[in-house]
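Spelled out from the first residue to the last, the chains are:
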Amino acid sequence: MRKKLFCVLMIFVISFSQILPAYAATISELKKQLAETQNQLNAINGQAAGLEGQLDAVEEEISELDGVLVQLISSISLLEEEIEAKKEEIVQVQKELDAAIAREKEQYEAMKKRIKFMYERGNSTYVQLLFEAKSISDMMNRADYIEKLYAYDRKMLVKYQETRQEVADLKESLEDEKSALEAEEFELKEEQTALEEALEEKKKESENFEVQIAQIRQSAATYKALIKQQTAQIKQLEAEEAARRAREEAERKAREEANRKKNEGNKSSGASNTSKPSGTASAEIVSMINSASGSAKGKEVASFACKFIGNPYVPGGTSLTNGADCSGFTQAVYREYGISIPRNSTSQRSCGTGVSYAEAQPGDLICYAGHVGMYIGNGYIVHASTQRTGIKITPATYKEILAVRRVL
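Before going further, it helps to spend a moment on the sheet that holds strand S7 (residues 390-395). Sheets are built from strands paired through backbone hydrogen bonds, the pairs being either parallel or antiparallel. Strand order in the open sheet formed by six strands is S3-S8-S4-S5-S6-S7, with antiparallel pairing between adjacent strands. Of all strands in the sheet, those bounded by a partner on one side alone are strand S3 (353-355) and S7. Taken pair by pair, the neighbouring strands of this sheet meet at an average axis angle of 35 degrees, ignoring direction. Inspection of the sheet shows S3 paired to strand S8 (residues 403-406) by three bridges, in the antiparallel sense. Among the inter-strand pairings, Val-355 is bridged to a residue of S8, identified as Val-404. In this fold helix H7 (residues 296-306) packs onto strand S5 (371-377) and strand S6 (380-386), with an angle of close to 115 degrees to the strand it touches most, S5.

Structure (structure tokens):
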């Protein structure tokens, strides 16, 4: 696990060494770096999510092992109590067995003495005992007494033998139970040891995951800071580019105004210039579109849309030449390529697939509150702006972006 963590950290160090010193000379290069940084951040977040999932699984296993271990320890404790109880029962039964054996022995010794006495005296003892009877009734009683004496001795001996056997059987049964309990206790303690070792391993694994996640989160914070820095650089360069374009636009308008005054008598020609498409996007615009990252199809659609820069804005319009509003303009452009999208800007905000602004490519829709335009790359959109300005190019971040939708 430590080797794995070391490898992960080395990858982070190498990645940082590759991206931290970078500074893009152009917006396009900087956006490529921003996209790469975002991808690296996404990869790190994915790694963190994966590790957190594994950590959750390990912690769940730890919880389960804890529960099993608690039950196991409780079972062992109960077994130990049962074993102690069995030991006490065995001690008590042993006392009963000793007493039964003693009674049996006493009875046996008594029988031996009577038998020995009668044997030594001979049969005359029985005859004398009978002849000393004073009457037939007394003789019968004496004979019955002798018979009962033998019967009693035998009965008591058998009884004591049975009692001794019962107690001996009980002791053996208790010994067997005690032995079984001790075997079960041993096995449970073996299982407890194995569980404790597994639990310790899982806790170490959990600690390793926590260390890795902390390192990855720290790396993610570094990437986020870098993204913030790159985004600020992009905004700065875009602002500088917008200022340059504004100057060029002002110079262009000044030239047009000079030409207008020069050709003041040709009003119809001037009107035509504001109502018809140029027929082709300027070389500068085409170059800007082609320099952006994205699909060839998207760049083709964006270049086509820029052919209509300068045409009028008409509320409710959907004509690329005679005039369109913002959503009518984007709908008409896509329609030329056989793609159908909703009519209004709110509905267009839900079509296609959503992407982040950092991932925007030529041909994507840039959606705002109540407005929509088409991204042409390098931080710019072409859109039907207002009735005063018509279809034109504007920095994409001129107001808050609500969504970026990829239709192509």
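The subject of this paragraph is a negative patch on the surface. Together, Asp-56, Glu-59, Glu-60, Glu-64, Glu-196, Glu-197, Glu-200, Glu-201, Glu-207 and Glu-210 make up a negatively charged patch on the protein surface. Every element with two or more residues in the negative patch is listed here: helix H2 (27-121) and helix H4 (136-262). For the negative patch, the element with the highest residue contribution is H4, accounting for six residues. Inspection of the secondary structure puts Glu-200 in helix H4. Overall, the relative accessible area of 42% leaves Glu-200 in the partly exposed class.

Our focus in this paragraph is the pattern of salt bridges. Tallied over the full model, the rule gives nine salt bridges. Note that Arg-245 and Glu-241 form a salt bridge whose closest N and O atoms lie 3.3 Å from each other. In this pair, Arg-245 and Glu-241 both sit in helix H4, four residues apart, roughly one turn of the helix. Here Asp-325 ties to Arg-343 by a salt bridge, and the two come within 3.1 Å at their closest N and O atoms. Of this pair, Asp-325 sits in the loop between strand S2 (323-324) and helix H8 (326-335) while Arg-343 sits in the loop between H8 and helix H9 (345-348), placing them 18 residues apart in sequence. Residues participating in the shared-partner salt-bridge network are Glu-241, Arg-244, Arg-245 and Glu-284.

Parameters at a glance
- Starting from 1, residues in each chain are numbered consecutively following that chain's sequence as written.
- Totals for whole chains, interfaces and linings use every residue, but because this is a predicted model, local features are given only for residues with pLDDT of at least 70 and side-chain atom pairs only at 80 or more, for both listing and counting.
- Where side-chain values are given, they derive from all heavy atoms of the structure, hydrogens and water being excluded.
- Paired strands are those between which DSSP finds at least two bridges.
- Counting from the N terminus, the helices are DSSP H or I runs at least four residues long and the strands are E runs at least two residues long.
- Where helices are involved, their axes are fitted lines through C-alpha atoms of the stretch in contact, as for all axes, and angles between N-to-C directions lie from 0 to 180°.
- Two residues form a contact once any of their heavy atoms are found within 4.5 Å.
- Residues form patches when they are more than 30% accessible in relative terms and have no salt bridge. Like charges link within 9 Å. Nonpolar side chains (Val, Leu, Ile, Met, Phe, Trp, Tyr) link within 5 Å.
- Residue-level accessible areas treat just the shown protein chains as cover; the underlying method is Shrake-Rupley with a 1.4 Å probe.
- Here, a salt bridge means any Lys or Arg side-chain nitrogen found within 4 Å of an Asp or Glu carboxyl oxygen.
- Positive: Lys, Arg. Negative: Asp, Glu. His and the chain ends are not part of the count.
- The atom standing in for a charge is NZ when the residue is Lys, CZ when it is Arg, CG when it is Asp and CD when it is Glu.
- Burial classification: accessible surface area is computed with a 1.4 Å probe over protein chains only, and a residue below 20% of its type maximum counts as buried, one above 50% as exposed, and the rest as partly exposed.

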